[in-house]
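In case you want the letters, here they are:
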Amino acid sequence: MDDRDVWAPHGEEGFVRGKVIDLGTKTLTIAPYGYKEPIVATYDRVFPCEDERGTSLDDNCGLMFLNEGNLLDNLRQRFLKNTIYTYVADILLAVNPCHAMPKLYSHNSIAQYRGKSLGALPPHVFAIADKTFRDMRTMNQSQSIIVSGESGSGKTETTKYIIRYLTSLRSTSGGTASQIEQQLVEANPLLESFGNAKTTRNGNSSRFGKYMEVHFSQQQRSPGRVNYDEGLVVGGSVSHYLLEKSRIVTQAPEERNYHVFYRLCAASPPELRNALFLGNASNFHYLKHSCLDDRSIDDIEGFKQLQHSMTHVGLSEKEKIAIFTVIAAVLHLGNVAFEENTESMKGGSLISKSATSSVTRASGLLGLHEDNLCEALLTRVMTTRRGGAKGTVIGVPLKQDQAAKGRDALAKAIYSRLFEYIVARVNSCFPVERSASFIGVLDIAGFEYFQRNSFEQFCINYCNEKLQQFFNECVLKHEQQLYKAEGLCVARVEYIDNQDCIELYEVRGTGLIDLLDEECRLPAGSVEHFTMAVHKTHSKHFRLMHPRRSKLAFYKSMRDSEGFVVRHYAGAVCYETALFMEKNNDALHDNLEMLMQESTDPLIQKLFPMRSPTTVAKKTGKSKLIFASNADKFRAQLRQLMEKLTSTGASFIRCLKPSIKMEAGVFKGGEVLSQLQSAGMVSVLALMQTGFPSRTGFQSLYEMYKDFLPAKLASLDPRTFCQALFRALGLSDYDYRFGLSKVFFKPGKFAEFDQIIKSDPDNIAVLVKKVEQWLVCKRWRRAQFAAICVIKLSKKIQVRTQSAVIVQKVVRGHFVRKKNQARIRAYPQMINLRQQLTTIEKSLGTLNKYRNTLSSKLTSLAQKMDAFILQLKKKPLDQNEINTKLQEYSRQTDSLTEELHVLAQREKEEEEMERIRQIQECLERERKLREETERQRLAEEKQRKEREKKLREIERQRRAAEEEALKAREEERLRQEAEEERLFLLHEQQAEEDARRMAAEEQERRDRELAERLAQDAARPQEVLIREAVEAQHSRPTPEAPPTSPQRRQAPAPAAAAAPLSPSRKRDLTKLKYAELRDTINTSTDVELLIACRDEFHRRIRVYQAWKSKNRQRDSSSPGGLPSELRNTPSPPVLPQSSLATASVSASTPPRPPKNATPAPAPTAATPPRPPKTVSSPPAPASAAATPPRPAKAAMTSPPLASATPPRPPKTSASPATKLPPAEPAAPAAPPRAPQRTMASAFADQPQRFFRVPFIRPSDQAQAKNAYKKKGWWYAHFDGAWIARQMELHPDRPAMLLVAGKDDLDMCELPLEETGLIRKRGAEILEADFEKVWAKHGGQPYRCYKVVSMD
């Protein structure tokens, strides 16, 4: 095992140095230095280290081993030495130092790098700028510098240093900087104030991309060579891309809006602040939610720089005030708040009273009328195509959220157009004149991926895909093409071709951008439909996948309709599409745009110019078809940018951020490595490792070293000179390659070769001797080659002699052919003419009438042609005679062909005329037949209408008679119903009085008996008690019927209230379940069976109460019993037999309530509470304000009250007293002692769901078909799977509120899944909607409890 150190992958440091301790089939085990745990990695992720630790090289191509680990370590070592720039071939890597380094960018540094070749001095951004300038002059081609990197990596500062260097070349060479050069430098603070903002990654992050061009004049002297004295800057321009508009109205936590807002509020003069009604930044809605206390940002100094920059670019004081006025207007516009308009029948919204002053200030600053601004913010004008040529204008009121969105769209439109105006104003300050070439600097955001990625990251990563493809073509593809053109055999380096990802974005019709634009054009488009269309269209595309297939757990819970994942060249990114349509289409309403066009402010008029009539007509007619989205605009801008970059030479600067926190001196290897991979530097290293990064021309190498060698060696030609040097030095063929015009070196070999050449004189003498020996050997080999060439030449002469004979033969044949050329050419022509005659003869057979007309002419011409062909074969003829005959025969053939065509056409026309005549005769006969048929049909139709008219008259008379009879019967029915209603009410009042009196007497008697029984049963075991209860049930005499009043006897008594009857036979009902007893009581017409079921029901109640009393005494006597709050709960008293009998009857035949009857009062402390679900469950206190939720069903030793949960009876107008309580088992056994439990006052972790469904009472359903049906609402609150609260809202009586544990008998018994409410569309509502209605009708707040086991 080799003792060389290796780089092992590490999550935080990127790569760590260590020793290989174990070799596997696919993995290696490395013991890292400074870490206890070994690292297991695959072979392709382990790289060899450099021999010397702490290696720091200016160019990474000089490393012995070009790999990711050595590249990262070299960057780390240089960063710790405060050296932030490093080369990878011609690519500059710049690491942000996170602190100021003024000496590094001084005027001395600019002068130091002027005219120096790349690599002559330490790496620097000035070296790249100088190389770009020299390439522009020597190649007469414009150049571009592409600066890319993440936010906070220093792209903006790097761009400023490049501009400073390019505009300082003339001043450093002895000239003075012109006004245009100063304006180019001073334009940066102005653009940064309006386009930069603080983010979580950078305090001065550019939120837009810009391409700055610096134009230079034509070089007059020494064309093709660099002359810095003529490097005059004659102009410049700025192009911007994708301004982040959403930041104007909302910002992420710990971030800020654009700098200009805070600088204007913090440092503006008092008179300007008063004129613009400005104050603290916390007073404005668009600023108060952002980071206001960042001490690293000096807004006062920034405002001074802004004023200075605006003055230098040529903005007057009036223009400054106008720009600041628009900025203040945006802030005041953001303070306009809205509220719902409850008074208007059309709905809509109103401007809040607190925002009245903001509207006044915003309208005044924008030059608008206050009422017009309010109307435009609160309504939307729509134009229909009906109502004439101009259409009909309709004002649609906007809701509160719609008005807020319109306000934000107006603010974004004003600020974005103001930014465009500022860029155009900056460009107008230095117009381009006499420009020969330019240097463009592209500063655009690098590849971005956050936890939540939206439309901005979608566009930025699309731009980086295009730039990465351009980078691959410039650096990797062109490098390999150069090797191929120079004839070098170098293995091809495979790099990621992201053309398929670019096509996924921009393919017409099915690309992501076109799908988004198409969805925005739809009247009812939605982001869900757009996302599903993306998945459906590109379901088999490799670059696109569903969020749940992402490796990150955060995205696995995301639905397919909420986003999609794109596999970019730097990694997969999940995009959330919630705001895609809003950010892609932030166009203003027509009324807002027209309002801004009517402004009296001059600057606003420039920002919102009047549209031409043709444009207005197009938009009015087809507003959806001419839709222009932000994504489509960005695609067009990016296409223009790529065309410009392709037409220029390119240089690349990759900016890196040492850590996310951006602390000085902190270098996080893992984060830097991720940025290197995103920048495509790994592919560059692979190319450099297998290729030849160092190269130079033969002439350049000759000019470089001819002074170090003797004159006899310096006199050689450049190519021989280079070959002699390399052979004399004994360099391996692996270390260098000879191309057609250049010599290429492996990484670091060119430096080694240079060191050998410039060594001491003794070494040079040895080198000269080796060169002379190589030259002698080369000349001897050349002599041998000359001898061989002479031998080959003699053989070649012999071959040429034989070839001369062949040439003579060919020449003689040529002369013969030339002499008879006319006959040779005429013969095939005559053959063709003869074949044409044969074709004409065949066509002549198709004629019928005119066949004999052409037959004689055809025969005569054929004989003449045959005779002429025979002459051509036998004897030579004059060329003129041949040409004359050919022309004559050709003319005659054409004449016959034309005549044949005319006769055939004439015969065809005659046949067609005859066929048309026959068709006309047939049509005439058919027309006469149709006219006769139509006359008969009209006569029959007239007779049919007369018969139908008579039948309708008879039907009308019959219906009139039926309606009169029906009306009489209806009046009689209504009269009878009113009389029955009156009698029913009288009967009900008397029945209720009798029932209350009988219930009171019966209750008093039973309470007395129960007290005596409980006193006797206290000393006896439970089994005896149950046995006696059963015996008493079978031996109990039939109770006497209660006395009735005379009015009661007159009313029709129900079946259950009839005189008691002794059962004729014994009935064993002990095995019946609760549901069976209930169904029998409610449905049976057998009086004896009803009485037996009632007795069995009361027997179970008594047994259950006796068992519960025993159990309570046992729990209270034991130390581990229930808590005091449950032990003190009173047991429910036994219901009297008469009331239970009444309940059974009422359950089967509910009485009809009066129309204005009030609902039954809620249960009080005297009302018996509902028994628990199981025998072992404690009874719920009746007087509790809030009851615990339904307990979960668990396995118990004692059987439940009923083996099956009884279904809930249908809701009627009957009172809750008519419902049956749950039954008790026939012979319950004593349950085992329950575990100790306690009640914890905490909210249950069950899901809370709320529902609302309409219902119609049965009485309303019985009305006429077209009568109005009164509809009520049924509300339910489910705590987990069981109902917790229930509410019934009737249209003509007070609401009924029910709570679980208190009103269980009247509530829904089914679990949530069985009710079907989950699958009912529109049934589920929000918790706030339920609580609002619950509180409105006097409901108490809901509290749930959970039972916590103590053992």
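Throughout what follows, the structure given in this document is the object of discussion. Nothing here was measured: the structure is a model prediction, and the numbers come from that model.

The next point concerns the packing of aromatic side chains. In the structure shown here, the tally under the stated rule is 30 aromatic pairs. Site record: aromatic cluster; members linked through ring pairs are F455, F458, Y462, Y505, F530, F564, Y575, F580 and F634. One residue, R256, lies across the ring of Y262, its end atom 3.9 Å from the ring centre.

Structurally, the position occupied by L442 is in strand β17 (residues 437-443). For the pair L442 and E213, spaced 229 residues apart in sequence, the C-alpha to C-alpha distance is 8.8 Å. Not counting residues up to four positions away in its chain, the partners in contact with L442 are I145, I146, V147, K210, Y211, L467, L641 and L645.

Across the sheet, 7 strands lie side by side as β6-β7-β21-β8-β17-β11-β12; this open sheet has mixed pairing. What marks the edges here is a single partner per strand, and that holds for β6 (85-88) and β12 (233-241). On average, each strand axis in the sheet is tilted by 20° relative to the strand beside it, whichever way the strands run. Relative to strand β21 (residues 649-656), strand β7 (residues 91-95) is paired through 4 bridges, and the arrangement is parallel. For A94, the partnering residue across the bridge sits in β21 and is C655.

Before going further, it helps to examine the side chain of T1080. One can find T1080 in helix α35 (residues 1074-1083). Given the relative accessible area of 18%, T1080 is considered buried.

This part takes up helix α6 (residues 259-267). Counting buried positions along α6 gives 7 out of 9 residues, so the element sits mostly inside the fold. Among the residues of α6, H259, V260, F261, Y262, R263, L264 and C265 are the ones counted as buried.

Turning to the packing of helix α12 (residues 400-429) against helix α19 (residues 590-597), a few remarks are in order. Interaxial distance between α12 and α19 falls to 11 Å at its minimum, and their mutual angle equals 45°. The pairing of α12 with α19 is recorded here as oblique in orientation. In terms of crossing hand, the pair formed by α12 and α19 is right-handed. Contacts from G406, L410, I414 and R417 in α12 reach L592, E593 and M596 in α19. Looking at the contact of α12 with α19 residue by residue, the classes come out as 4 nonpolar, 1 polar and 2 charged.

Within the largest apolar cluster, 109 residues are counted, with the highest numbers of intra-cluster contacts made by F194, F261, L418 and I653. Per-element accounting of this core gives the leading share, 14 residues, to α12. Among residues more than four places away in sequence, those in contact with F261 are L287, I327, V330, L331 and Y415. If you look at the next biggest cluster of nonpolar residues, it comprises 67 residues, including L442, Y462, V475 and L515.

Rules used in this analysis
Residues numbered from 1 in each chain as written. Predicted model: local features only at pLDDT ≥ 70, side-chain atom pairs only at ≥ 80, totals over all residues. Heavy atoms only, no water. Phe/Tyr/Trp six-rings, centres within 6.5 Å; stacked < 30°, edge-to-face > 60°. Lys NZ or Arg CZ within 6 Å of the ring centre and 35° of its normal. Helix = DSSP H or I, 4+ residues; strand = E, 2+ residues; numbered from the N terminus. Contact = heavy atoms within 4.5 Å. Pairing = 2+ DSSP bridges. Axes fitted to C-alpha atoms, helices over the stretch in contact; angles between N-to-C directions. Buried < 20%, exposed > 50% of the residue type's maximum accessible area, 1.4 Å probe, protein only. Parallel < 35°, antiparallel > 145°, perpendicular 65-115°, else oblique. Left-handed = near helix turned anticlockwise from the far one by under 90°. Nonpolar A, V, L, I, M, F, W, Y, C, P; charged D, E, K, R; others polar. Core = buried A, V, L, I, M, F, W, Y, C linked by side-chain atoms within 4.5 Å.

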